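# What the coordinates show
Now for the letters of each chain:
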Amino acid sequence: MSDPSETAGHDQDPETSAAPELMPELMPQLTQGLTPGLAHRLTHMPPLPRFEVRLRPPDLADWIPGNTGLPGVMQFDSRRPGPHVAITALMHGNEFAGAIVLDELLRQDFRPLRGRLSIGFLNLAAFERFDAAQPTASRFIEEDMNRLWDTAILDSARASVELDRARELRPLFDDVDILVDLHSMLWPSEPLILSGPTEKGRRFACTLGMPAMVVTDQGHTSGPRLIDYAMFASPDDSRVACLIEAGPHWEPITVDTARVAVRALLRETGMVEEEKLPGPSPRQRCAEVTQVVTAASSSFSFTQSFRGGEMIGERNTLIGHDGPIEIRTPHDDCLLVMPSLRPSRGHTAVRLARLLPDAC
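Attention now goes to the pattern of salt bridges. If the charged atoms of two oppositely charged side chains come close together, the side chains can form a pair. All told, the structure shown has 23 salt bridges when counted by the stated rule. Between R139 and D144 there is a salt bridge, and its shortest N-O distance comes to 3.1 Å. Per residue, the accessibility class of R139 equals that of D144, and both read buried. A salt bridge links R259 to D256; its shortest N-O distance comes to 3.0 Å. Of this pair, R259 and D256 both sit in helix α11 (residues 252–268), three residues apart, which is roughly one turn of that helix. By relative accessible area, which is 39% here, D256 ends up partly exposed. One network of salt bridges, in which partners are shared, links E95, R139, D144 and R147.

Shown next as structure tokens:
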């Protein structure tokens, strides 16, 4: 029998992964034959929260046909010199806080003062399947769309719902100068910007001012994100991208954060007049990922229910177990970036980072 964690998405259905908690009478059978350490971790895993959906999915019917020949992509050209800016949402079908903000922008009949603006709703097929009763089930249909952005994958012979959609969208991104990809988070964490591995990405993220944390990272072992696509990841190419993790998936505050970030992007690219925007955000901090912890087993667990953004003061502090392997902090003042409290095998469990001495 295959391990379900090999095929489940990063946001696998918590009601499935939490089955032992829901059936405590079965614990003696479930832990029989395990080493005392593994049995302890199984019976003391942090409880899963009940994910309450406090947001209503936006009605995107008016935008699904698009106006560019690409479904779900709306584009507006000012006919004045300026960059081609793309703002995208719904890379994952259950992350629609960013889509609410983009839907608002379109319904306001926004038009850029300069350059060209593309607004894209990406994984429409997964979004159509969203069900508030099972909110984690529609992250994707066949595979994570944000692990496919490599030329070799896009040019390969294989097919899936997400890979076919990525190929359909590829001409758009090949033509973009600046990209902001709006996401949200399943597990509790402070909002942040992932700027990819390049200095240009960090500099660009710092121009937005919101969220207050900018994290430079190398991505995931399971595949390249859209912000890792060739031209965005090349230090020799002026085109740039960042990914905004605006907050918990289904909370109103996440919409607020995404809304401020989008307006900051429009301001910084000259697409809107600055006086129409709120005042400056608090000074941003920057961090660099020093280690990506990928779950090698299906029994990964943290020593406590960490919240992203926590700082662990001492090097070699035990923070989790991956089967029999201890996970410890590699250096003092170790920042935990987006810990996934129930990672599937082969998926990122947490990024460990160090604050950079200079703020943005």
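The discussion continues.
On to the packing of aromatic side chains. For the structure shown, the criterion picks out nine aromatic pairs. Seen from their ring centres, F96 and F127 are 6.3 Å apart, and the 65° between their planes marks the pair as edge-to-face. You can see F96 sitting in the loop between β2 (84–89) and α5 (97–107) and its partner F127 sitting in helix α6 (residues 124–127), a full 31 residues away along the chain. Taking the relative accessible area as the measure of exposure, F127 reaches 11% and is therefore buried. Seen in terms of ring centroids, F96 and F130 are 5.0 Å apart; in terms of plane orientation they differ by 80°. Their pairing is edge-to-face. Taken as a pair, F96 in the loop between β2 and α5 and F130 in the loop between α6 and α7 (151–154) lie far apart in primary sequence, 34 residues in all. Linked through ring pairs, F51, F96, F127, F130, W187 and W250 together constitute an aromatic cluster.

One way to put it is that helix α9 (residues 199–208) packs onto α11 with a least axis distance of 8 Å and a crossing angle of 105°. Between α9 and α11, the angle falls in the class roughly perpendicular. Residues F204, T207 and L208 of α9 lie in contact with α11, whose contacting residues are A264, L265, R267 and E268. Looking at the contact of α9 with α11 residue by residue, the class counts come to four nonpolar, one polar and two charged.

For the rest of this paragraph, the subject is the packing of α5 against α11. With their axes 8 Å apart at the nearest point, α5 and α11 run at an angle of 50° to one another. Classified by the angle their axes make, α5 and α11 are oblique. Of the two possible hands of crossing, α5 and α11 adopt the one that is right-handed. Contacts from A97, I100, V101, E104 and L105 in α5 reach T254, V255, A258, R259, V262, R263 and L266 in α11. Residues that form the contact of α5 with α11 fall into these classes: eight nonpolar, one polar and three charged.

Taken in spatial order, the 11 strands make up an open sheet running β1-β3-β2-β4-β7-β5-β6-β8-β14-β13-β10, and their pairing is mixed. Of all strands in the sheet, those with a lone pairing partner are β1 (73–77) and β10 (311–312), marking the two edges. With seven bridges connecting them, strand β4 (residues 178–185) and strand β7 (residues 240–248) associate as parallel partners. In the strand pairing of β7, L179 is matched with A241. Of the strands in this sheet, β4, β5 (192–194), β6 (213–216), β7 and β8 (285–294) are in contact with α9, which crosses β7 at around 50°. Taken strand by strand, α11 contacts β2, β3 (116–121), β4 and β7, and its axis lies near 155° from that of β7.

Now for α9. In terms of burial, α9 is largely enclosed, as seven of its 10 residues are buried. Residues of α9 that are buried include every one of K200, G201, R202, F204, A205, C206 and L208, and no others. Remark: G209 follows α9 within two positions and exhibits a positive phi of approximately 80°.

Next up on the list: the nonpolar core. Most often, soluble globular proteins have nonpolar side chains that are buried together. Membership of the largest hydrophobic core comes to 64 residues, with the highest contact counts inside it found for I87, F96, F121, I244 and L266. In terms of residue count, the dominant contributor to this core is α5 (seven residues). If we skip the residues at most four places from it in the chain, I244 touches V180, D181, L182, H183, L192, I193, L208, P211 and A261. Ranked by size, the runner-up nonpolar core spans 35 residues in total, among them L122, L148, M231 and A287.

Let us look at α11. Its 17 residues place the ends of α11 25 Å apart at the C-alpha level, agreeing with the 24 Å of an ideal helix rising 1.5 Å per residue. Looking at α11, one finds that the buried residues are T254, V255, T257, A258, A261, V262, A264, L265, L266 and R267. Here the buried face of α11 lies against β2, α5, β3, β4, α9 and β7.

Burial of strand β13 (residues 334–337) is two-sided: the residues C334 and L336 facing one way and the residues L335 and V337 facing the other way are all buried. The pairing of β10 with β13 spans two bridges and is classified as antiparallel. Counted as the bridge partner of I312 is C334 from β13. Taken together, the four bridges between β13 and strand β14 (residues 348–355) define a ladder with antiparallel strand orientation. Looking at β14, one finds that L336 is bridged to L352.

About the thresholds
Within each chain, residues carry numbers counting from 1 in the order of the written sequence. The predicted nature of this model means local features are confined to residues of pLDDT at least 70 and side-chain atom pairs, given and counted, to a pLDDT of 80 or more, with totals for whole chains, interfaces and linings taken over all residues. Side-chain calculation: all heavy atoms of the structure are included, whereas hydrogens and water are not. The term salt bridge refers to a pairing of a side-chain nitrogen on Lys or Arg with a carboxyl oxygen on Asp or Glu at a separation within 4 Å. With a 1.4 Å probe rolled over the protein chains alone, any residue whose accessible area is under 20% of its type maximum counts as buried; one over 50% counts as exposed, and the rest are partly exposed. Each helix corresponds to a stretch of at least 4 residues labelled H or I by DSSP, and each strand to a stretch of at least 2 residues labelled E; elements are numbered beginning at the N terminus. Geometry of aromatic contacts follows a simple scheme: Phe, Tyr and Trp rings, the Trp one being its six-membered ring, pair when their centres are within 6.5 Å, and the pair is stacked under 30 degrees between planes, edge-to-face over 60, tilted otherwise. Orientation is described by axes fitted as lines to C-alpha atoms, over the contacting stretch for helices, and by angles from 0 to 180 degrees between their N-to-C directions. Roughly parallel here means an angle under 35 degrees, roughly antiparallel means over 145, roughly perpendicular means 65 to 115, and every remaining angle is called oblique. For this analysis, residues touch if any pair of their heavy atoms sits within 4.5 Å. Under the grouping applied here, Gly and all other residues not named as nonpolar or charged are polar, the nonpolar ones being Ala, Val, Leu, Ile, Met, Phe, Trp, Tyr, Cys and Pro and the charged ones Asp, Glu, Lys and Arg. Two helices crossing with the near one rotated counterclockwise from the far one by less than a right angle form a left-handed crossing, whereas a clockwise rotation gives a right-handed crossing. Only when DSSP finds a minimum of two bridges between them are two strands counted as paired. Put simply, buried Ala, Val, Leu, Ile, Met, Phe, Trp, Tyr and Cys residues joined by side-chain atoms within 4.5 Å make one nonpolar core. To estimate how far a helix should extend, the number of its residues minus one is multiplied by 1.5 Å.

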